[in-house]
Amino acid sequence: MVDTPLPKTSQPAQRALEGVDVYTLEDLSGWTERDVLALHGMGPKAIRILREAMAERGLAFRSP
């Protein structure tokens, strides 16, 4: 399986994800939406972009 790069979001959101070693949508699917939203620099728009990109590839945030 090929890892899917993260879609373009704001620089603070990108840095927040890189700070916790999340570089692909597959990495992101191991996180809950709430935990990602709690990262400094992550906002509702970035969460929406990430959620939509994951859904397009049959992925989703981990259930709480």
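Only a predicted model underlies this, so the values are computations on that prediction, with no experimental measurement involved.

*Asks:* Would you take a moment to explain the overall build of the chain for this structure?
*Replies:* Each helix and strand counted, the chain has 4 helices and 0 strands in total. What you see in the chain, going N to C, is helices and strands ordered as α-α-α-α. Relative to the globule expectation of 11 Å for 64 residues, the C-alpha radius of gyration of the chain, 10 Å, shows essentially globular dimensions. Along the three orthogonal principal directions, the C-alpha set of the chain runs to about 30 × 25 × 20 Å. Counting only residues that meet the buried cut, the chain has 38% of its 64 residues in that class. In the chain, 51% of the contacts between residues at least 6 apart in sequence involve partners at least 24 apart.

*Asks:* Whenever I open this one, the nonpolar core confuses me. Can you help?
*Replies:* For soluble globular proteins, nonpolar side chains are generally found buried alongside one another. Counting residues in hydrophobic clusters, the biggest one holds 17 residues, and the most contacted among them are L17, L28, V36 and M42. Those elements giving two or more residues to this core turn out to be α1 (11-19), α2 (25-28) and α4 (44-56). Per-element accounting of this core gives the leading share, 5 residues, to α4. If we ignore the near neighbours within four places in the chain, the residues touching M42 are A13, A16, L17, V36, L37, I47 and L50.

Reading guide: rules and limits
- Residue positions within a chain follow its written sequence, with the count starting from 1.
- This being a predicted model, a pLDDT of at least 70 is required before a residue's local features are given, and a value of 80 or more before pairs of side-chain atoms are given or counted; all residues contribute to the totals for chains, interfaces and linings.
- Side-chain measures were taken over the full set of non-hydrogen atoms in the model, leaving aside hydrogen atoms and water.
- A run of DSSP states H or I qualifies as a helix once it reaches four residues; a run of E qualifies as a strand once it reaches two. Both are numbered from the N-terminal end.
- What the globule rule says is 2.2 Å times the number of residues to the power 0.38, and the radius of gyration is computed from C-alpha atoms.
- Accessible area is worked out with a 1.4 Å probe on protein chains only. A residue is then buried under 20% of its type maximum, exposed over 50%, and partly exposed in between.
- Residues count as neighbours in contact if any of their non-hydrogen atoms are within 4.5 Å of one another.
- Put simply, a nonpolar core is a bunch of buried Ala, Val, Leu, Ile, Met, Phe, Trp, Tyr and Cys residues held in one set by side-chain atoms that sit within 4.5 Å of each other.

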